[in-house]
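Okay, here's what each chain looks like letter by letter:
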Amino acid sequence: MTIGDLLDPGAVALRVSAPGKRQVLGVIADVAARVLGVDATAVLDGLLEREAAGSTGVGQGVAIPHARIDGLDRIRAVFVRLETPVAFDAVDDKPVDLLVALFAPRDANAQHLRALARVSRMMRRPELREHLRQARSADAVHVLLAQEATSTAA
């Protein structure tokens, strides 16, 4: 399983503007609803519940929000790049502009943890973060993430 397997090209949103963390999560929920065919309110509630347990801001401008969602048959992802970074209570106190959201079926325990670990490792790479910030299209972002996932899985 790679991020390329989890992320549909249509689940990439670039040039997103949002004033704060809750609004960013709302954008992610809307993209997930549109692309994954799930309820946006349920997705937002799941993301907010997870954030209440502790921020998913992992540092270096990256967050990996995640939730378990009814109606999914496998783990799925949404990628969002913000125009202007927002405060996200990240571990390094830096604002976030790159978000890889993961959504898992309710019963995907081990798979969900493996996906989180893989995305976290991938997003630690400074060169990938820079390429994602410079990418001009959703297709370019999708290719970058799929290629990176393949190279880190090897």
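Residues numbered from 1 in each chain as written. Predicted model: local features only at pLDDT ≥ 70, side-chain atom pairs only at ≥ 80, totals over all residues. Heavy atoms only, no water.

1. Some points on the environment of Glu127
Looking at where Glu127 falls in the secondary structure, it is placed in helix 5 (residues 126-134). Residues Glu127 and Asp5 lie 122 residues apart in sequence; the distance between their C-alpha atoms is 22 Å. Reaching out from Glu127, the side chain makes a polar contact with the side chain of Arg125 at a distance of 2.7 Å. (Helix = DSSP H or I, 4+ residues; strand = E, 2+ residues; numbered from the N terminus. Polar contact = N/O pair within 3.5 Å; in protein donor to acceptor, adjacent residues only side chain to side chain.)

2. With respect to the environment of Val143
Position of Val143 among the secondary structure elements: in helix 6 (residues 138-153). Overall, Val143 belongs to the partly exposed group, its relative accessible area being 42%. Considered as a pair, Val143 and Gly4 are 139 residues apart in the sequence and their alpha carbons are 7.9 Å apart. (Buried < 20%, exposed > 50% of the residue type's maximum accessible area, 1.4 Å probe, protein only.)

3. Quick look at the side chain of Glu51
Looking at where Glu51 falls in the secondary structure, it is placed in helix 3 (residues 40-53). Owing to a relative accessible area of 9%, Glu51 belongs among the buried residues under this scheme. Residue contacts for Glu51: discarding those within four places in its chain leaves Lys21, Leu25, Thr56, Pro65 and Phe88. (Contact = heavy atoms within 4.5 Å.)

4. Comments concerning helix 2 (residues 21-36)
Across its 16 residues, helix 2 extends 22 Å between first and last C-alpha, which sits within 8% of the 22 Å expected from 1.5 Å per residue. Listed in full, the buried residues belonging to helix 2 are Lys21, Val24, Leu25, Gly26, Ile28, Ala29, Val31, Ala32, Ala33 and Leu36. The inward-facing, buried residues of helix 2 abut strand 1 (7-16), helix 3, strand 5 (76-86) and strand 6 (96-104). Of the residues trailing helix 2, Gly37 is marked for its positive phi of about 70°. (Expected span 1.5 Å × (residues − 1).)

5. A look at the nonpolar core
In terms of nonpolar packing, the biggest core is built from 54 residues, with Ile28, Val78, Phe79, Leu99, Phe103, Met123 and Leu145 touching the most fellow members. Non-local contacts of Phe103, meaning those with residues more than four positions away in its chain, are made with Ile28, Ala32, Leu36, Val43, Leu47, Ala67, Ile69, Leu72, Arg74, Ile75, Arg76 and Val78. (Core = buried A, V, L, I, M, F, W, Y, C linked by side-chain atoms within 4.5 Å.)

6. Concerning the confidence of the model for the protein
Confidence in the prediction of the protein, expressed as mean pLDDT, is 92, and 95% of residues score 70 or more. Mean pLDDT per element in the protein: helix 6 is the minimum at 79, and strand 3 (residues 62-63) is the maximum at 98. (pLDDT = per-residue confidence, 0-100.)

7. Comments concerning the pattern of salt bridges
Counted by the stated rule, this structure contains six salt bridges. Measuring nitrogen to oxygen at the nearest pair gives 2.7 Å for the salt bridge that ties Arg125 to Glu127. It is possible to trace a salt-bridge network through shared partners that takes in Lys21, Glu51 and Asp89. (Salt bridge = Lys/Arg side-chain N within 4 Å of Asp/Glu carboxyl O.)

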